[in-house]
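# Coordinates in review
Residue-level listing of the chains:
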Amino acid sequence: MNSEFDVIDRYFSRPSRNALLGPGDDAALITCKSGINWAVSVDTLVVGRHFFSDVEPSTLGHKVLAVNLSDMAAMGATPRWITLSLTLTETLAQNDTWLKAFSSGFFTLADQYQVELIGGDTTSGPLNIGVQIIGEVEQGNALRRSDAKPGDDIWVSGFLGDAALALQFLQQHITLTEHEAAPCLIALHTPTPRVALGKALINVAHSAIDISDGLLADLGHILERSDVAATVDFDRIPCSPTLKNKLQQENTARQLAIDCLLSGGDDYELCFTVPENRHDVIAQLAQQTGVKLSRIGKIVPGKGLAVLNANGNPLIFNKKGYDHFLTR
């Protein structure tokens, strides 16, 4: 029978490389370098709310860390340390196969970004996973939501909407072929945090945010914090061939695809604003990071967000983004 400390020792204990003191004491000890700010974020993923109970444990281990790395990317921070709060059912606490796969997915991504687990907590109850992440960024260099300026171009990374489309597929709200579903499921279960891009945007972007709750909601946070408005060209929003195909259908699939693209969430791409004379710099960053970057709109004076169709008319959308206190 695994005890709480067996689970920690077998699956989550590692020697500390970049902390003065890691797991095994009442608290970890880390040192802040001169001229450096800490960026700190925490996310909680709850079974039935953020993931299905039968999700592959290795992909779950990946995703619980990826969503936190995405927060660091949005700040332009270098991720350094993480703590893990793991609530397990009694069955999972004794399931060595599940624990091994979960920790393998978690640490594979942690090693990729050279981030170190320095502590946490385990307890018994419905499956619930919390990760706190601490990153470093030079003083005065952190990207924020509050500095967008009228005249800025609005950019996004990657493709939007695929993760939300995968969820609709899993919930049997839409039909996808195996070929169509495969990349969407990858986007949902194993997103790629844009850490290198976020760091490269320092001193280039005026503002940034990661798209976790949907483009409308997250761009809306930039507009609110910066006290500006925006126009977005719907046809410029980058999407995969699968999602584009659904947008071309004249039925409920089209409206569902629009909702996935604008407000589905789980994209973990970056949305950022840049002075309009920096197109060449953005093109260089796209080549340097290997990430597709698309200009989708403009920051303007005022309040609100208008998404315009090809004729320049505002689109009407069903919802503005994911809300953790409302069901999907």
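Thresholds applied
Residues numbered from 1 in each chain as written. Predicted model: local features only at pLDDT ≥ 70, side-chain atom pairs only at ≥ 80, totals over all residues. Heavy atoms only, no water. UniProt positions renumbered as here; feature names shortened; annotations may be inferred. Helix = DSSP H or I, 4+ residues; strand = E, 2+ residues; numbered from the N terminus. Rg over C-alpha atoms; globule rule 2.2 N^0.38 Å. Buried < 20%, exposed > 50% of the residue type's maximum accessible area, 1.4 Å probe, protein only. Contact = heavy atoms within 4.5 Å. Areas by Shrake-Rupley, 256 points an atom, 1.4 Å probe, with all protein chains shown as cover. Lys, Arg positive; Asp, Glu negative; His and termini not counted. Charge placed at Lys NZ, Arg CZ, Asp CG, Glu CD. Polar contact = N/O pair within 3.5 Å; in protein donor to acceptor, adjacent residues only side chain to side chain. Pairing = 2+ DSSP bridges. Core = buried A, V, L, I, M, F, W, Y, C linked by side-chain atoms within 4.5 Å. Domains from an automatic or database assignment.

- The chain appears in an unreviewed UniProt entry as Thiamine-monophosphate kinase from Nitrosomonas eutropha.
- Among the UniProt annotations of the chain, the heading Sequence similarities (unreviewed entry) holds the following wording: "Belongs to the thiamine-monophosphate kinase family."
- UniProt, in its Function (unreviewed entry) section for the chain, records the words "Catalyzes the ATP-dependent phosphorylation of thiamine-monophosphate (TMP) to form thiamine-pyrophosphate (TPP), the active form of vitamin B1."

## Considering the overall build of the chain
- Regarding its fold elements, the chain presents 11 helices and 10 strands.
- Taken over the C-alpha trace, the chain has a radius of gyration of 20 Å; the compact-globule value for 328 residues is 20 Å, and the two agree within 12%.
- Overall, the chain is about 65 × 50 × 35 Å in size when its C-alpha atoms are taken along their principal axes.
- Out of the 328 residues in the chain, the part that is buried amounts to 50%.
- Looking at the chain alone, contacts between residues at least 24 apart form 86% of all its contacts between residues at least 6 apart.
- When the accessible surface of the chain is split by element, carbon and sulfur atoms take 50% of a total near 15800 Å².
- Counting 26 positive and 37 negative side-chain charges, the chain places the averaged centre of each group 6 Å from the other.

## Quick look at the UniProt feature "binding site: Mg(2+) 4" (unreviewed entry) in the chain
- Mapped onto this structure's residue numbering, the UniProt feature "binding site: Mg(2+) 4" (unreviewed entry) falls at Asp 26, Ser 41 and Asp 71.
- When you line up the elements, Ser 41 lands in strand β1 (residues 36-46).
- Look at Ser 41 and you get buried, because its relative accessible area is 17%.
- Not counting chain neighbours up to four residues away, the residues in contact with Ser 41 comprise Asn 68, Asp 71, Met 72, Val 131, Gln 132 and Ile 133.
- At a separation of 2.9 Å, a polar atom in the side chain of Ser 41 contacts the side chain of Asp 71.
- Mapped onto the elements, Asp 71 comes out in helix α2 (residues 57-75).
- Residue classification places Asp 71 among the buried positions, given a relative accessible area of 17%.
- Not counting residues within four places of it along the chain, the set of residues in contact with Asp 71 comprises Ser 41, Asp 43 and Asp 210.

## Side note on the pairing of strand β9 (residues 293-300)
- Relative to β9, strand β5 (residues 153-157) runs antiparallel, the two being bridged by five bridges. Each residue of the ladder has a partner; that of Ser 157, found in β9, is Leu 293.
- When strand β7 (residues 229-233) meets β9, the two strands line up antiparallel, connected through four bridges. Bridging from a neighbouring strand, Thr 231 pairs with Lys 298 of β9.

## As for the pairing of β5
- Summarising burial for β5: five of the five residues are buried, a large majority.
- Across the two faces of β5 the burial is the same, with Asp 153, Trp 155 and Ser 157 and Ile 154 and Val 156 all buried.
- In this structure, β5 lies alongside strand β8 (residues 269-274), joined through four bridges in antiparallel fashion. Bridge pairing in β8 places Ile 154 opposite Thr 273.

## Comments concerning the nonpolar core
- Judged by nonpolar contacts, the single largest core of 55 residues is most densely connected at Leu 60, Leu 88, Ile 129, Leu 201, Phe 272, Ile 282 and Leu 293.
- Sorting elements by how many residues they give to this core places α2 first, with nine residues.
- Mapped onto the domain boundaries, this core takes at least three residues apiece from domain 1 (4-138) and domain 2 (152-308).
- Look past the residues within four positions of Leu 60 in its chain and what remains in contact with it is Phe 51, Val 55, Trp 98, Phe 102, Leu 127 and Ile 129.
- Counting residues in hydrophobic clusters, the runner-up holds 40 residues, among them Ala 163, Ile 211, Cys 239 and Cys 260.

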